[in-house]
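# Structural description and commentary
Residue-level listing of the chains:
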Amino acid sequence: MAADINTITSIDQLQLEHELALTLCFRIRKGLLKKVHTQRIRNYVDWFRAQFLDPHFELEKQHIFPILGNNARVKRALANHRRIDRLLTCSCEDIKVLSLLEEELATLIRFEERTLYHKLRQTVTPEKLQEIKRRSEIQLDSNDLWEDQFWKEESSEY
């Protein structure tokens, strides 16, 4: 039995998390364009990873992807998660790594939204939605707590 429109709040929560990740992509891109020192960008990325990405990826891995089954699309998403994790854990402070991270993350989110989450809306039960909602602990408003808002300032040097 698929979920009705009144119980989709947990999927909406997951999609808001995707929007936050797209905001991260925008901020990385903006920081690189403004020639912000890459360590400042990396500090924000590391904080964002701990606050948002790691919990979101874990929730998807443990509770979303099993609903969708062991298929090529889920395997692709998991492979993309691993690739992004490698970029996030790379000790490089390189512009190319940040740029690639931004591109990979944006591509993953678009794929998940168009393909996986579309299928999830068609197949998930209301009971499973409630379980997902209980397990989602991300505080979406805490993204505004980061003090070094490098994406808003004038251009500087690397």
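Sequence order sets the numbering: in each chain, residues are counted from 1 along the sequence as written. In keeping with the predicted nature of the model, local features appear solely for residues at pLDDT of at least 70, side-chain atom pairs appear and are counted solely at 80 or more, and the whole-chain, interface and lining totals rest on all residues. The basis for every side-chain value is the complete set of non-hydrogen atoms in the structure, without hydrogens or water.

## Looking at the packing of helix α3 (residues 72–89) against helix α4 (residues 95–123)
- Whenever a helix is involved, its axis is fitted only over the stretch in contact; in every case the axis is a line through C-alpha atoms, and angles between N-to-C directions fall within 0 to 180 degrees. In this text, helices come from DSSP runs of H or I with a minimum length of four residues, and strands from runs of E with a minimum of two, each type numbered from the N-terminal end. Relative orientation of the contacting elements α3 and α4 amounts to 160 degrees, with a least axis distance of 10 Å. Between α3 and α4, the angle falls in the class roughly antiparallel. Regarding α3 and α4, the two cross each other, and that crossing is left-handed. Touching Arg-73, Val-74, Arg-76, Ala-77, Asn-80, His-81, Arg-83, Ile-84, Leu-87 and Leu-88 of α3 are Val-97, Leu-100, Leu-101, Glu-104, Leu-105, Leu-108, Phe-111, Glu-112, Thr-115 and Leu-116, all from α4.
- The residue makeup of the contact of α3 with α4, split by class, is 12 nonpolar, three polar and five charged. Each angle gets one of four labels, with under 35 degrees taken as roughly parallel, over 145 as roughly antiparallel, 65 to 115 as roughly perpendicular, and the rest as oblique. Each crossing gets its handedness from the near helix: less than a right angle anticlockwise from the far helix is left-handed, clockwise is right-handed. Here a residue-residue contact requires only that any non-hydrogen atoms of the pair lie within 4.5 Å. Put simply, Ala, Val, Leu, Ile, Met, Phe, Trp, Tyr, Cys and Pro go in the nonpolar bin, Asp, Glu, Lys and Arg in the charged bin, and everything else, Gly too, in the polar bin.

## Here's the deal with the packing of helix α2 (residues 38–68) against α3
- Look at α2 against α3: their axes get within 11 Å of each other, and the N-to-C directions meet at 160 degrees. Between α2 and α3, the interaxial angle falls into the category roughly antiparallel. Pair α2 / α3 crosses with left-handed handedness. Contact residues: Arg-42, Val-45, Asp-46, Arg-49, Leu-53, Asp-54, Phe-57, Glu-60, Lys-61, Phe-65 and Leu-68 in α2; Val-74, Ala-77, Leu-78, His-81, Ile-84, Asp-85, Leu-87, Leu-88 and Thr-89 in α3.
- Of the residues in the contact of α2 with α3, the class split is 11 nonpolar, two polar and seven charged.

## Quick look at the packing of aromatic side chains
- What counts as a ring pair is set by centres within 6.5 Å for rings of Phe, Tyr and Trp (its six-membered ring), and what kind of pair is set by the plane angle: stacked under 30 degrees, edge-to-face over 60, tilted for all other angles. Applying the stated criterion to the full structure yields nine aromatic pairs.
- For the ring pair Tyr-44 and Phe-150, a centre distance of 5.9 Å and an interplane angle of 75 degrees mean the geometry is edge-to-face. Pair noted here: Tyr-44 is in helix α2 and Phe-150 is in the segment after α5 (126–135), with a separation of 106 residues, a long-range link.
- The class for Tyr-44 is buried, based on a relative accessible area of 0%.
- Throughout this description, buried means an accessible area under 20% of the type-specific maximum (1.4 Å probe, protein chains only), exposed means over 50%, and partly exposed covers the range between. By relative accessible area, which is 0% here, Phe-150 ends up buried.
- Geometrically, the ring pair formed by Phe-48 and Phe-52 is tilted, given 4.7 Å between the ring centres and 40 degrees between the ring planes. In this pair, Phe-48 and Phe-52 are both assigned in helix α2, four residues apart and thus about one turn of the helix distant. There is no split in this pair, since Phe-48 and Phe-52 are both buried.
- Over the face of the ring belonging to Phe-111 we find Arg-76, whose NZ or CZ atom lies 3.9 Å from the ring centre. In our convention, an over-ring charge means Lys NZ or Arg CZ found within 6 Å of a ring centre and within 35 degrees of that ring's normal.

## Regarding the side chain of Glu-102
- Inspection of the secondary structure assignment puts Glu-102 in helix α4.
- Once residues lying within four places of it in the same chain are set aside, the contact partners of Glu-102 are Cys-25, Ile-28 and Arg-29.

## Overview of the side chain of Glu-112
- Relative to the helices and strands, Glu-112 is located in helix α4.
- Among buried charged residues, Glu-112 stands out as having no salt bridge; its nearest opposite-charge side chain is Arg-76, 9.3 Å away.
- Between N or O atoms, a polar contact is any pair within 3.5 Å; within protein, one atom must be a potential hydrogen donor and the other a potential acceptor, and residues adjacent in sequence are included only when both atoms are from side chains. There is a polar contact of 2.8 Å between the side chain of Glu-112 and the side chain of His-18.
- Among residues more than four places away in sequence, those in contact with Glu-112 are His-18, His-56, Glu-60, Phe-65, Ala-77, His-81 and Tyr-117. In this count, Lys and Arg are taken as positive residues and Asp and Glu as negative ones, while His and the chain termini are left out. Just to be clear on terms, a salt bridge is a Lys or Arg side-chain nitrogen sitting within 4 Å of an Asp or Glu carboxyl oxygen.

## Considering the environment of Leu-32
- Here Leu-32 is to be found in helix α1 (residues 9–33).
- The class for Leu-32 is buried, based on a relative accessible area of 12%.
- Considered as a pair, Leu-32 and Lys-96 are 64 residues apart in the sequence and their alpha carbons are 9.8 Å apart.

## Let's talk about the environment of Asn-80
- Position of Asn-80 relative to the elements: it lies in helix α3.
- Remark: the alpha-carbon pair of Asn-80 and Leu-105, spanning 25 residues in sequence, is separated by 8.2 Å.

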